[in-house]
Structures are given as C-alpha cells and as structure tokens.
Amino acid sequence: MDFKQGWALLRMALDRASLYLPIILMGALALGTYWLVRNAPRLVQPAAKEAPVHEPDFFMRDFTVKNFLGTGQLRSEMTGTEGRHYPDTDTLEVDQVRVRSISPQGLVTHASADRGLSNGDGSEIQLFGNAIVVRDAAVQPNGRVLPRLEFRGEFLHAYVDTERVRSDRPVTLTRGSDRFTADAMDYDHLSGVANLQGRVRGFIAPPTPGARR
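Draft legend 1. Spatial organisation of the layout of surface pockets. As a volume, the largest pocket reaches approximately 340 Å³. When residues of the lining of the largest pocket are traced back to their parent elements, those giving at least two are strand S10 (171-175), strand S11 (178-182) and strand S13 (193-197). In the lining of the largest pocket, the residues fall into nine nonpolar, three polar and five charged.

This is the structure we're talking about:
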C-alpha cells in the first residue's frame, strides 16, 4: 500500500468518525452531567418549623409582680407561691394567687383563688377554685357611698382595666347587705350593671334610714 492509498483510507476513516462525533460528544456530556449531579453537595433542606409546645420557660416561687401606670402609680400587684410562664400563650399560671388592683378613681379590689391564669400584661386574670373578688367600700367625690362588693365562685374572670367580672359558672354576689346567686354572671362596674343568668335568687335588705343606695 502506497502513501496515497494510506492517506485516502485515513481520510475515509476520519470522515466516518466525524459522522458519529456529535453523538459521542453528547454521550460524554450526558455522562459528565450525571456524574456532577451525583457528586455535587446537596442543599440543606429547611427544617420543618416545630409547633409551639405548651411548656413553661421559667418558674417563680414566693414572688410578687407589680404593674405601674405611666405616671408611676401602682396599678396592680400579684403574689403567689409558684408561678409558671408559658411562652406559646404568653400567660402566667399562679398557685395560691393573690391580686390587689387600684382603679384610676382610687377604688381598691382584691382577688384570690387556688390557681390563677393571667395574660401577658396582667389586664385579665382567670381565677379557679375558691375564687373571690372583693371591691372595698368607698366614698365617691360626690359623697355617694359605694358599698363593699364581693363575688364568689369556683371560676371568676376579672378584667382589671375595664373593671369587669364574668363567670359562666354558679356565682354569689354580695353588695353591702344584699345577696344574689346565679348560674352565670357578667358585672360591669363602669355601667353599674350586673347581668345575672340562669336560676337567680336574691335577698335585698331594707334600706337603713337615711342611707343612700
């Protein structure tokens, strides 16, 4: 075989190989891509957000918590033998709770129960077990006497800022010498109205001569 024949055969082989070159290149590219995908580092998957757990994040024992107005005047104070704060609801659960609050008009209210549940700012307090809320007797600037007001029941919901007391369970209301019982109650001090519901019984003492009701 001479040089010319050898060169012709080589060119023929190169021409045939050029026909398959795109296929070969595409196959090599596919294999390279597959290798990169298999060996590339995987992205960190975002962790699923855990649902809040109703567990206390701190405890207090034999404590007192005080809230003040912007003027520095004491608004309310709460004491208890043990307190547990729950971050998922921003509530404070208190054993043997005792509460004392002072309204902007100077009216003093006391509350106590076996257990209390307060919201974050102390404006609402739910009282469970032997619940008692008492507003002390007072004399208004116009001379009107406000008799002592007492609420008793196994559950009372006190709203400190709006001076409201509610309950969906049997409750006893005592105003001065008057006494009422009901299956449920909603008392609003600002309006002076007590809405008694269910089986309501009451005793109204005869007014003392010269007394203003």
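Here the narrative resumes, following the displayed structure.
Draft legend 2. Spatial organisation of the environment of Ala 194. For Ala 194, the position within the fold is in strand S13. For Ala 194, a relative accessible area of 36% translates into the label partly exposed. When the C-alpha positions of Ala 194 and Arg 164 are compared, they lie 9.7 Å apart, and in sequence the two are 30 residues distant. Leaving out residues up to four positions away in the same chain, Ala 194 has contacts with Leu 173, Asp 186 and Tyr 187.

Draft legend 3. Quick peek at empty space enclosed by the protein. Evaluated as defined, the whole model comprises one cavity of 30 Å³ or more. In this structure, the largest cavity spans a volume of roughly 280 Å³. Of all elements in the fold, only strand S3 (91-102), strand S4 (108-118), strand S5 (124-135), strand S8 (149-159) and strand S9 (164-167) reach the threshold of two or more residues within the lining of the largest cavity. With four residues, the single largest contributor to the lining of the largest cavity is S8. Taken together, the residues that form the lining of the largest cavity break down as 12 nonpolar, five polar and four charged.

Draft legend 4. Representation of the packing of aromatic side chains within the structure. In total, this model carries two aromatic pairs according to the counting rule given. When the ring of Phe 128 is compared with that of Phe 155, the centres are 5.2 Å apart and the planes differ by 40 degrees; the resulting orientation is tilted. Here the residue Phe 128 occupies a position in strand S5, and Phe 155 occupies one in strand S8, the gap between them amounting to 27 residues. Relative to Tyr 187, the ring of Phe 151 has its centre 5.2 Å away and its plane inclined at 50 degrees; by these criteria the two rings are tilted. Here the residue Phe 151 occupies a position in strand S8, and Tyr 187 occupies one in strand S12 (residues 184-188), the gap between them amounting to 36 residues. With relative accessibility at 3%, the residue Phe 151 sits in the buried group.

Rules used in this analysis
Residues numbered from 1 in each chain as written. Predicted model: local features only at pLDDT ≥ 70, side-chain atom pairs only at ≥ 80, totals over all residues. Heavy atoms only, no water. 1 Å grid on protein atoms, 1.4 Å probe; cavity = no way out; pocket = protein on both sides within 12 Å on 5 of 7 lines; lining within 4 Å. Points joined across faces, edges and corners; volume = space filled by probe spheres on them. Helix = DSSP H or I, 4+ residues; strand = E, 2+ residues; numbered from the N terminus. Nonpolar A, V, L, I, M, F, W, Y, C, P; charged D, E, K, R; others polar. Buried < 20%, exposed > 50% of the residue type's maximum accessible area, 1.4 Å probe, protein only. Contact = heavy atoms within 4.5 Å. Phe/Tyr/Trp six-rings, centres within 6.5 Å; stacked < 30°, edge-to-face > 60°.

The values reported here are purely geometric and, on their own, carry no functional implication.
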